[in-house]
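Chain residues, written in single-letter form:
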Amino acid sequence: VQLVESGGGLVQPGGSLRLSCAASGFPFSAYGIQWYRQAPGKERELVANINSAGGSTNYADSVKGRFSISRDNAKNTVYLQMNSLKLEDTAMYYCSAIRVVRYWGQGTQVTVSS
């Protein structure tokens, strides 16, 4: 089982990034996918989730209207489009697949700084 995040980096406030999470080793299309983030000294926070078919999404209030989660089950990949980034979005971002069991990726760092 693997979840590999990519797309993180350094961006200025107001900028955009698109994170990807590529999955393998399990029936991806049967799993809900969640993006979490964790900033230094803070608890891990659920940012967004999408159901297995991709028809239902939810967002944390802190990112609603700025972030968008989507998935391509044919490519076993989930995306997190992040727009209008703020300093407080700086964190390590993790994707997680959940059904009966939960799998985690290793994370990708997003740093928003001027």
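The structure we're discussing is the one just above.
For clarity, every value in this text was computed on a predicted model and none was experimentally measured.

(A) Layout of the nonpolar core. Counting residues in each nonpolar core, the largest one holds 29 residues, and the members touching the most others are W35, V47, F67, V78, L80, M82 and Y93. Only strand 3 (17-24), strand 4 (32-38), strand 5 (45-50), strand 7 (67-72), strand 8 (77-82), strand 9 (91-98) and strand 11 (108-112) provide two or more residues apiece to this core. Not counting residues up to four positions away in its chain, the partners in contact with V78 are L19, S20, C21, F28, I33, W35, I50, I69, S70 and R71.

(B) Representation of the packing of aromatic side chains within the structure. For the structure on display, the rule yields six aromatic pairs. Considering the side-chain rings of F26 and Y103, the 5.1 Å spacing of their centres and the 45° angle between planes classify their relative orientation as tilted. Here F26, found in the loop between strand 3 and strand 4, pairs with Y103, found in strand 10 (residues 102-104); they are 77 residues apart in sequence, far enough to count as distant. For F26, a relative accessible area of 10% puts it in the buried group. Grouped by ring-pair contacts, the aromatic residues F26, F28, Y31 and Y103 constitute a single cluster. Here the basic side chain of R44 rests over the ring of Y94, its NZ or CZ set 4.0 Å away from the ring centre. One Lys or Arg, R44, reaches over the ring of W104 and ends 4.5 Å from the middle of that ring.

(C) Unusual backbone geometry, seen in detail. With a phi close to 50°, N76 is a non-glycine residue in the positive phi region. Within the secondary structure, N76 is located in the loop between strand 7 and strand 8.

(D) How the structure looks around the environment of S24. Here S24 is to be found in strand 3. When the C-alpha positions of S24 and N76 are compared, they lie 7.1 Å apart, and in sequence the two are 52 residues distant.

Criteria and cut-off values
Residues numbered from 1 in each chain as written. Predicted model: local features only at pLDDT ≥ 70, side-chain atom pairs only at ≥ 80, totals over all residues. Heavy atoms only, no water. Core = buried A, V, L, I, M, F, W, Y, C linked by side-chain atoms within 4.5 Å. Buried < 20%, exposed > 50% of the residue type's maximum accessible area, 1.4 Å probe, protein only. Helix = DSSP H or I, 4+ residues; strand = E, 2+ residues; numbered from the N terminus. Contact = heavy atoms within 4.5 Å. Phe/Tyr/Trp six-rings, centres within 6.5 Å; stacked < 30°, edge-to-face > 60°. Lys NZ or Arg CZ within 6 Å of the ring centre and 35° of its normal.

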